[in-house]
Amino acid sequence: MRSGAAPTGRNRNPWIAALTIGMLPLAQLGCQGLPRDQAKPAVRHGNSAARELAFAPTPVGDPLSGKPWITNLAAADLDGDGRVDIVLADSQANEVRWIRQTAPLTFVEQPIGTEIGAPSHVTAADADGDGDLDVLVASMGVLMPNNQKIGSVVLLRNQGSGTFVQELLLDQVARVTDVQAGDLDGDGDIDLAVAHFGYDEGEIRWMEQTPAGYTSHSLLQLSGTINAPIADFDGDGDLDIAAVVSQEWEEIRIFENDGRGGFQGRVIYGSGNEDFGSSGLSVQDLDLDGDPDLLYTNGDSFDYVPPGPRPWHGVQWLENTGQLKFTLHRVGDFPGAYSARGVDADGDRDRDLFVVSEFADWHDPKSISFGWFENQGSGSYQLHAIASAPTHLLCLDAADFDQDGHTDFVTGGVYFYPPFDRMARVVLWRNPGSQ
């Protein structure tokens, strides 16, 4: 999310989006085949006689204390025991923490590493190629707007015995909001894509792993980048980088890889609304055609006083149609939409879309904090409410935590503005399957 005193459309700060959120100068071109901001929602609120999912929410990890700031989390088996754990960024404690599943559905929380200033995103990846999952951390330094070079990239190197060694890979840079891992130059080791939100000044870079450490290569000098996911978007066998840039820019860019770590950037979507509120971007094959699409939420509104929903908030996906062309599909309206995942949770072999809200109207007890858009085929989706509490949900991930064959979810909350009557820190939402 962003910070500011008025809805000016400038200098906004997604401190709350891991964060997984960003902005650039308004694009001259929109998505392939669609005028900018003209894609219509496939569905809005409504009821459906179709299958329902009755999730069972359970708080996991440490008990609630104060007002949590869980700015990001990820489901991952960090200890390799076959049970899914949770790694999270706790920006209130300035720590990365591990909620370890020590026995079936028994969770124990512990910190990993030492203090990290305002960790905004965590990525589980085998960064050193030794066969276990390390944790890459994007650190903003502080959550609130700041032009100082206080960001960093931290590696929590897994020692294979439930312990981690903390290493600083990059520091004294604009506040970092995302770090993703992949072999970007085709030399067999793991490189990094890094998003810097900064404040007035930000950047997108990739960090080349070399025998001597990491060498940085700048891709874009522009404030407001939230996420920088990696995938082979053009199908040529190497990894490209996508990025969503918020603030007044509200654009999505693709950086095409030449296979050797040379990148050419292009805008694939730009909103004409400076207050569009980009809040998250992730790679998922939503139409199951074998190529990577992009799932995109816009629900940020922290630059309004008080923060709250806007009529244009919602969920959309960009369909990869080949040759780095993408078609925008508006899935539906969802006030305060932040993190989203595409999952076949109802067992009908298509991808439904699950989403959480940070900025709904929390004074209304019926406002949805966690919902899902049921894929009804032919580009049609139906919104179902899962829960109205807890509120202020910023982050979401999906995995089969109880190993029953159904996809479960885990959410984290950030409570920076009232009301504070329905708070939770980390919640596991077990999926019993369609009813």
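Scroll up a little and you will see the structure.
What this report covers is the structure whose coordinates are included nearby.

Thresholds, definitions, all that
- Residues numbered from 1 in each chain as written.
- Predicted model: local features only at pLDDT ≥ 70, side-chain atom pairs only at ≥ 80, totals over all residues.
- Heavy atoms only, no water.
- Salt bridge = Lys/Arg side-chain N within 4 Å of Asp/Glu carboxyl O.
- Helix = DSSP H or I, 4+ residues; strand = E, 2+ residues; numbered from the N terminus.
- Buried < 20%, exposed > 50% of the residue type's maximum accessible area, 1.4 Å probe, protein only.
- Pairing = 2+ DSSP bridges.
- Axes fitted to C-alpha atoms, helices over the stretch in contact; angles between N-to-C directions.
- Phe/Tyr/Trp six-rings, centres within 6.5 Å; stacked < 30°, edge-to-face > 60°.
- Lys NZ or Arg CZ within 6 Å of the ring centre and 35° of its normal.
- Contact = heavy atoms within 4.5 Å.

### Focus: the pattern of salt bridges
Two side chains with opposite charge may pair up if their charged atoms get near one another. By the definition in use, this model includes 18 salt bridges. The salt bridge involving Arg 341 is made with Asp 397; its shortest N-O contact spans 3.2 Å. On the criterion of sequence distance, the pair formed by Arg 341 in strand 23 (residues 337-343) and Asp 397 in strand 27 (residues 393-399) is long-range, its members being 56 residues apart. Overlapping salt bridges, with partners in common, bring together Asp 62, Asp 90, Glu 95, Arg 97, Glu 109 and Arg 425 in one network.

### Comments concerning the pairing of strand 8 (residues 151-158)
A large share of strand 8 lies buried, amounting to 7 of its 8 residues. Sheet topology note: the strand 7 (residues 134-139)/strand 8 ladder contains 5 bridges and is antiparallel. Bridged to Leu 136 within strand 8 is Leu 155. With 8 bridges joining them, strand 8 and strand 9 (residues 164-173) adopt antiparallel strand pairing. Bridge assignment links Leu 156 to a residue of strand 9, and that residue is Gln 166. From the end of strand 8 to the start of strand 9, which pair antiparallel, there are 5 residues, and Gly 160 there has a positive phi angle of about 85°.

### Brief notes about the sheet that holds strand 26 (residues 380-387)
Within the open sheet, the 4 strands sit side by side as 23-24-25-26. Their pairing is antiparallel. Looking at the sheet topology across the chains shown, the edges are occupied by strand 23 and strand 26. Sheet twist, expressed as the mean angle between neighbouring strand axes with direction ignored, is 25°.

### A short note on the packing of aromatic side chains
The full count for this structure, using the stated rule, is 18 aromatic pairs. Between the aromatic rings of Phe 55 and Phe 354, the centroid separation amounts to 6.2 Å while the plane-to-plane angle is 80°, which identifies the pairing as edge-to-face. Of this pair, Phe 55 sits in the segment before strand 1 (56-59) while Phe 354 sits in strand 24 (residues 352-357), and the two are 299 residues apart along the sequence. Through successive ring pairs, a cluster of aromatic residues spans Phe 55, Phe 354, Phe 370, Trp 372, Phe 409 and Trp 429. A cation over an aromatic ring shows up here: Lys 67 above the ring of Phe 420, its NZ or CZ 4.8 Å from the ring centre.

### Observations concerning the environment of Thr 114
In this fold, Thr 114 is placed in the loop between strand 5 (106-112) and strand 6 (119-125). With 18 residues separating them along the chain, Thr 114 and Val 96 place their C-alpha atoms 8.2 Å apart. Apart from residues no more than four positions distant in its own chain, Thr 114 is found in contact with Asn 94 and Gln 166.

### A few points about the environment of Ala 337
Mapped onto the fold, Ala 337 is located in strand 23. Setting aside anything within four residues of it in sequence, one finds Ala 337 in contact with Ser 279, Thr 297, Asn 298, Gly 299, Asp 300, Gly 314, Val 315, Val 355, Val 356 and Ser 357.

### What to know about the pairing of strand 18 (residues 263-270)
Two strands pair when backbone bridges link them, and strand 17 (residues 251-257) and strand 18 are joined in this way by 7 bridges, in the antiparallel orientation. Looking at strand 18, one finds that Glu 251 is bridged to Gly 270. The hairpin turn running from strand 17 into strand 18, its antiparallel successor, is 5 residues long, and Gly 259 in that turn takes a positive phi close to 95°.

### What about the sheet that holds strand 3 (residues 85-90)?
Across the sheet, 4 strands lie side by side as 2-3-4-5; this open sheet has antiparallel pairing. Sheet topology places strand 2 (70-76) and strand 5 at the edges, where each strand pairs with a single neighbour. Ignoring which end each strand starts from, the neighbouring axes of this sheet average 20° apart. Pairing analysis gives 5 bridges linking strand 3 to strand 4 (residues 95-103), with the strands arranged antiparallel.

### Description of the environment of Ser 271
With respect to the helices and strands, Ser 271 occurs in the loop between strand 18 and strand 19 (278-284). When its relative accessible area of 0% is taken as the criterion, Ser 271 is described as buried. It is 6.4 Å that separates the C-alpha atoms of Ser 271 and Glu 251, two residues lying 20 residues apart in sequence.

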